[in-house]
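Commentary on secondary and tertiary structure
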Amino acid sequence: MFVLDSHCDTPSQILRFHRDLSVCSTDGHVDFPRLRKGGVDASFFALYVPPQMDSLQAWDYAREMLEQTRLEVERHPQIAAMAYSEADARANKAKGLLSIMLGLENGSAIGSDMSRLEWFRAQGVRYVTLCHNADNLICDSAAGNGSNNGLSALGREVVRKMNSSGMLVDCAHISDKSFFDVLDVTQKPIVSTHSCCRALAGHRRNMTDEMLRALADNGGVIQINFYPVFLQDGCTDNGPSCSYVRIADHIDHAVEVAGIDHVGIGSDFDGIDIAPEGMEDVSKMWKVFEELRGRGYSEADLAKVAGENFLRVLGA
């Protein structure tokens, strides 16, 4: 099956720490050897922009991350290659190569300049997480103070532009009001690239059952996050953590509410301070699928969760 992780923050590691991804490291959660060991075929590297940066700083920072990420992949052509479409990713797998794909985490790097959005699309960025842990010009954050009352007028323009240019609208991090506003505007399936289920853990970043049903009606996908704080109430960055089987619990719940065609994996590796016990880095990714097999998932359903659901939306 094709295994796709829709969100990790490795570009920040490349830029800040000059990580050589060809080396199996004890730093971070992701590198090429550990992706192979975990059975991952494609990983979306998110160009994460901290919310405290102003728009111009964010624009410059995101472009530098993109350049350094691409250079790091190009340094190791025998192991990995960039992929900008479903077809690219499948072709790379057939060649025995890992696929690195690009997302932008935090639309603050766009500001109010739509030409920046066009530039990111031309560079192969396939999704934009509309905000991070603060409101921006596009929409309100789940961690914000409601300064836009949901999706702003600019945000509506951004969603329409992304629809027309083939970019996925990522609703991870946005407020509940912003989420439903996006659904009112979008003409294409949307995604939440790294979120969990609020019915199982009450964090504001997680999706309610109402949101899950609405996402399914839209044809979109929730990609389950591995961050213990989102997986289980009581977990913090300083501990305690939780078992990796909690990931499967959230997959189960999302499948029950939204359906098997609307659930996938978005680890948030290299962007989280702690990982679940037994899922210390991406080399352990295979354990999620073994757990799901033990719960009675068919191979066809496992393939959907592993990557086919996200690839479907990517090509929509």
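The structure reproduced in this document is the subject of the present report. What you see is a predicted model; the values in this text were computed from it and never measured.

All right, on to the layout of surface pockets then. Of the volumes computed, that of the largest pocket is approximately 540 Å³. Tyr48, His132, Asn133, Gly271 and Ile272 are, among the 24 residues lining the largest pocket, the residues nearest its centre. Looking at the lining of the largest pocket element by element, the count peaks at 3 residues for helix α1 (residues 10–17). By residue class, the composition of the lining of the largest pocket is 8 nonpolar, 8 polar and 8 charged.

This next bit is on the packing of helix α6 (residues 153–165) against helix α7 (residues 176–185). Running from N to C, α6 and α7 point in directions that differ by 50°, and their axes come no closer than 10 Å. As far as their axial angle goes, α7 and α6 are oblique. Seen along the crossing, α6 lies across α7 with a hand that is right-handed. For the pair α6 and α7, contact is made by Arg156, Val159, Arg160 and Asn163 and by Asp181, Val182 and Val185, respectively. When grouped by side-chain class, the residues that make up the contact of α6 with α7 number 3 nonpolar, 1 polar and 3 charged.

Of note, glutamate 210 is situated in helix α8 (residues 209–218). On the basis of relative accessibility, which here comes to 52%, the residue glutamate 210 falls in the exposed class. On a C-alpha basis, the gap between glutamate 210 and leucine 168 in space is 21 Å, while along the polypeptide they are 42 residues apart.

Attention now moves to helix α5 (residues 114–122). Because the α-helix completes a turn every 3.6 residues, residues three or four places apart line up on one side. Those residues of α5 that sit buried are Met114, Arg116, Leu117 and Phe120. For α5, the arc enclosing every buried residue in end-on projection is 155°, short of the 170-degree limit, so these residues lie on one face. One or two steps after α5, the chain reaches glycine 124, where phi turns positive at roughly 95°.

What follows concerns empty space enclosed by the protein. Evaluated as defined, the whole model comprises 2 cavities of 30 Å³ or more. Roughly 70 Å³ of internal volume is contained in the largest cavity. Of all the secondary-structure elements, those providing two or more residues to the lining of the largest cavity are α6 and α12 (299–314). Looking at the lining of the largest cavity residue by residue, the classes come out as 7 nonpolar, 2 polar and 2 charged.

Moving on to the nonpolar core. Grouped together as the largest cluster of nonpolar side chains are 93 residues, with contacts concentrated most on Leu104, Leu130, Phe179 and Ile251. Leave out the neighbours within four places in its chain, and isoleucine 251 touches Ile224, Val263, Ile265, Val288, Leu292, Tyr297 and Val305.

Attention now moves to the pairing of strand β4 (residues 98–105). Burial analysis of β4 places 8 of its 8 residues in the buried class, which makes it a mostly covered element. By the alternation rule, side chains of β4 split into Leu98, Ile100, Leu102 and Leu104 and Ser99, Met101, Gly103 and Glu105, which are all buried. As paired strands, strand β2 (residues 42–48) and β4 are joined by 7 bridges and run parallel to one another. Following the sheet pairing, alanine 46 is matched in β4 by glycine 103. Two strands pair when backbone bridges link them, and strand β3 (residues 80–82) and β4 are joined in this way by 3 bridges, in the parallel orientation. Following the sheet pairing, alanine 80 is matched in β4 by leucine 98. Handedness of the β-α-β unit built from β3, helix α4 (residues 86–94) and β4 comes out right-handed. As paired elements, β4 and strand β5 (residues 125–129) share 4 bridges and run parallel to each other. When the bridges of β5 are listed, glutamate 105 appears paired with threonine 129. For the crossover that starts at β4, traverses α5 and ends in the parallel β5, the hand is right-handed.

The next thing to look at is the pattern of salt bridges. With the rule as written, the count across this model stands at 19 salt bridges. With a closest N to O distance of 3.0 Å, lysine 284 and glutamate 280 form a salt bridge. Given a relative accessible area of 40%, glutamate 280 falls into the partly exposed group.

Here we come to the pairing of strand β1 (residues 4–8). Along β1, 5 of the 5 residues are buried, which leaves the element largely enclosed by surrounding structure. By the bridge criterion, 3 bridges tie β1 to β2 in an arrangement that is parallel. Residue pairing across strands places aspartate 5 opposite serine 43, the latter belonging to β2.

Right, let's get into the packing of aromatic side chains. According to the stated counting rule, one finds 8 aromatic pairs in the structure shown. An aromatic cluster of three or more residues is present, and its members are Phe44, Tyr127 and Phe310. Positioned over the ring face of phenylalanine 2 is arginine 90, at 5.7 Å from the centre of the ring.

Rules of the game
Residues numbered from 1 in each chain as written. Predicted model: local features only at pLDDT ≥ 70, side-chain atom pairs only at ≥ 80, totals over all residues. Heavy atoms only, no water. 1 Å grid on protein atoms, 1.4 Å probe; cavity = no way out; pocket = protein on both sides within 12 Å on 5 of 7 lines; lining within 4 Å. Points joined across faces, edges and corners; volume = space filled by probe spheres on them. Helix = DSSP H or I, 4+ residues; strand = E, 2+ residues; numbered from the N terminus. Nonpolar A, V, L, I, M, F, W, Y, C, P; charged D, E, K, R; others polar. Axes fitted to C-alpha atoms, helices over the stretch in contact; angles between N-to-C directions. Parallel < 35°, antiparallel > 145°, perpendicular 65-115°, else oblique. Left-handed = near helix turned anticlockwise from the far one by under 90°. Contact = heavy atoms within 4.5 Å. Buried < 20%, exposed > 50% of the residue type's maximum accessible area, 1.4 Å probe, protein only. Arc of directions from axis to C-beta. Core = buried A, V, L, I, M, F, W, Y, C linked by side-chain atoms within 4.5 Å. Pairing = 2+ DSSP bridges. Right-handed = clockwise from strand over helix to strand, strands pointing away. Salt bridge = Lys/Arg side-chain N within 4 Å of Asp/Glu carboxyl O. Phe/Tyr/Trp six-rings, centres within 6.5 Å; stacked < 30°, edge-to-face > 60°. Lys NZ or Arg CZ within 6 Å of the ring centre and 35° of its normal.

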